[in-house]
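# Chains, contacts and geometry: an overview
Chain residues, written in single-letter form:
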Amino acid sequence: MDSQTVSRHAAKPDAPTAGTLKPNALGVLGILFFVLSAQAPLTGIAGAAPIAVALGNGPGVPAAYLVAGLVILLFSVGFVAMGRHVVDAGAFYTYIGKGLGRTTGTGSAGLALFAYCTIQAAMYGLYGAIVSGLVASHTGLDLPWWVWTLATMAVVQALGAAGVEMGAKVLAVFVLAEFSILSVFALVTLFKGGGPEGLGLADSFSPSAALDGAPGVAVMFAVASMFGFEATAIYGEEAREPKKTVPRATYLAVVVVTGFFALVSWMLISSYGASKATAAAGKALEGGDGAGFVFAPIAADFGGWVGDVLPVLLATSLFAGILTFHNSANRYLFSLGRDGLLPLRMCRLNRRHAPWTAGCVQTVLAVLLVVPFALAGKDPVLTLFSWFSGVAVLAMMLLYLLTSVSVVVFFRRARLDARLWNTLIAPALGALGIAGAIWLILANFTTLIGGERTTALWLTLSVPVVMALGLVAARVRGRTMAPADG
């Protein structure tokens, strides 16, 4: 390992040791802001809710968020139990490796990187399109979407290198802004008794409402909206008292996000009236402005100025998610370098003890994923955003499934925790729920990506191909290292 990485700081209680990220840098709220930023609440509501209402189970969409939240909460129980015994920036691949073997764990690392890099690239596509439109409408400067995307990549790289605390502070501002306006709208609508047909509690949460129409499509989009909560474990090394902080942040993130999406989607439907919400969402999508389904009732309550503010908040919501996934991916690269699975230079840290080389590599990967779409003149929303977000969700759900199985295997073998609910029952139920979600995603993948069946097939196949390549690389690496290990 190079001298910059192995150099140790003067003796201080919180001084990082060789090859470690900066300890005690984040508390529960700091980690929570990273998680909420990854889930980009305004993007999730404005992007997914109209499609889920129009093509899914209509007024029953809020119930779909509760079902998705329950599945993720069950998964989190085992996830947190594993986190008490394994603290590593590699999170998923480390957890999977502990239960299912080093080869499977290393193979899943490639899948995790694939998921984080593709979701970030997807968000860059939507972000570039939105910022390009905003700048053109307010200043008359009409530049291609990819100009703003590439410029933002440089900003994200700089913020990532500035350290995890700086990133948390920037994200806190953006997350609070988007959470505040949506939460205020939801609470105002709730306390005034809903829209023209009242609150419509039974219309959104009764079993018949939840099962109406195509509930699988609604659950699929609800699960996709939860993407990113697992980042709590990625920051375990940088957390204060990780064995307490990470579990609290994980459960808090799942509960807050589930409650937020269920409440806001319920109030959106109520503001239109349960009998009219599906038609309104469909009309917005047909007009090419799905976000208008969300923005219109908020503007009706708070005034026309909201129509100018919400698109800006949508851009900052995407920026916050992009920064979070940059930090998640570079910590995976850092961890793989430290474990000897990638060149040791990957775990080089800068003076702020942020992953420097890994951050640069992650930015290069983002460029390589985005630039071909720009060169080909593809629509960044209909192709880059739609395709890569679908692939990323499918890859992440497979990682959730492998992690749940690994938790059960690990604790049955290691016997480090005697709590059956935490180490067997909840992870097993979570695995069943996640398997069901994967089936729904595969069955509705063409809808998820908004593309053609052929495109959907190729994108779907990319996930097992990446996993297989990771497994092959892990086996080759294992044979190469075997003599030295022996």
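Residues numbered from 1 in each chain as written. Predicted model: local features only at pLDDT ≥ 70, side-chain atom pairs only at ≥ 80, totals over all residues. Heavy atoms only, no water.

### Here's the deal with the overall build of the chain
Helix and strand counts for the chain stand at 21 helices and 0 strands. For the chain, the residues scored as buried account for 57% of the 486 residues in total. Pairs at least 24 residues apart make up 82% of the contacts formed inside the chain by residues separated by at least 6 positions. Put simply, the chain shows about 19,000 Å² of open surface, and 67% of that area lies on carbon and sulfur atoms. (Helix = DSSP H or I, 4+ residues; strand = E, 2+ residues; numbered from the N terminus. Buried < 20%, exposed > 50% of the residue type's maximum accessible area, 1.4 Å probe, protein only. Contact = heavy atoms within 4.5 Å. Areas by Shrake-Rupley, 256 points an atom, 1.4 Å probe, with all protein chains shown as cover.)

### A look at the pattern of salt bridges
On inspection of all chains with the given rule, the structure shows 2 salt bridges. Ionic pairing is found between D301 and K192, a salt bridge with its closest N-O pair at 3.2 Å. Linking D301 in helix α15 (residues 292-302) with K192 in the loop between α8 (164-191) and α9 (201-205), this pair joins segments that are 109 residues apart in sequence. The partner of R419 in a salt bridge is D417, and the shortest N-O contact between them spans 2.6 Å. Residue D417 is classed as buried on the basis of its relative accessible area of 11%. (Salt bridge = Lys/Arg side-chain N within 4 Å of Asp/Glu carboxyl O.)

### Some thoughts on the side chain of S265
Its location among the elements puts S265 in helix α13 (residues 242-272). A polar side-chain atom of S265 sits 3.1 Å from the main-chain carbonyl oxygen of A262. With residues up to four places along the chain from it excluded, the contact list for S265 reads V61, P62 and Y65. (Polar contact = N/O pair within 3.5 Å; in protein donor to acceptor, adjacent residues only side chain to side chain.)

### Some points on the packing of helix α4 (residues 61-83) against helix α11 (residues 215-225)
Packed helices, taken two at a time, are described by the angle their axes make and the gap between the axes. Contact geometry for α4 and α11: axes closest at 8 Å, N-to-C directions at 55 degrees. The angle between α4 and α11 falls in the class oblique. The handedness of the crossing between α4 and α11 comes out as right-handed. Packed against α4, whose contacting residues are V61, A64, Y65 and A68, the element α11 presents A218, V219, A222, V223 and S225 at the interface. (Axes fitted to C-alpha atoms, helices over the stretch in contact; angles between N-to-C directions. Parallel < 35°, antiparallel > 145°, perpendicular 65-115°, else oblique. Left-handed = near helix turned anticlockwise from the far one by under 90°.)

### A word on the side chain of N57
You can see N57 is positioned in the loop between α3 (41-55) and α4. Assessed through its relative accessible area of 3%, N57 is described here as buried. Not counting residues up to four positions away in its chain, the partners in contact with N57 are A52, A209, A210, D212, A214, P215 and A218.

### Here's the deal with the nonpolar core
In terms of nonpolar packing, the biggest core is built from 131 residues, with F92, F227, M397 and F445 touching the most fellow members. Ranked by the residues each element gives to this core, the list is headed by helix α6 (residues 102-139), at 18 residues. Excluding its chain neighbours within four sequence positions, the residues that come into contact with F445 are G390, V391, L394, A456, L459 and T460. (Core = buried A, V, L, I, M, F, W, Y, C linked by side-chain atoms within 4.5 Å.)

### Some remarks on the confidence of the model for the chain
Looking at the chain, the pLDDT average stands at 81 and 84% of residues meet or exceed 70. Here helix α1 (residues 3-6) stands out as the element of the chain with the lowest mean pLDDT, 36, in contrast to α9, whose mean of 92 is the highest. The low-confidence segment residues 1-18 (pLDDT under 50) makes 27 contacts with residues lying over four places distant or belonging to another chain. Confidence over residues 481-486 falls short of pLDDT 50; this stretch has 1 contact with residues more than four positions distant or in other chains. (pLDDT = per-residue confidence, 0-100.)

### Overview of the packing of aromatic side chains
Using the criterion set out here, one finds 13 aromatic pairs in the structure. Taken together, a centroid distance of 5.8 Å and an interplanar angle of 35 degrees make the contact between Y116 and F325 tilted. Residue Y116 is found in helix α6, and its partner F325 is found in helix α16 (residues 305-338); the two are separated by 209 residues along the sequence. The burial state of Y116 is the same as that of F325; both residues are buried. Seen from their ring centres, F410 and F411 are 5.0 Å apart, and the 80 degrees between their planes marks the pair as edge-to-face. (Phe/Tyr/Trp six-rings, centres within 6.5 Å; stacked < 30°, edge-to-face > 60°.)

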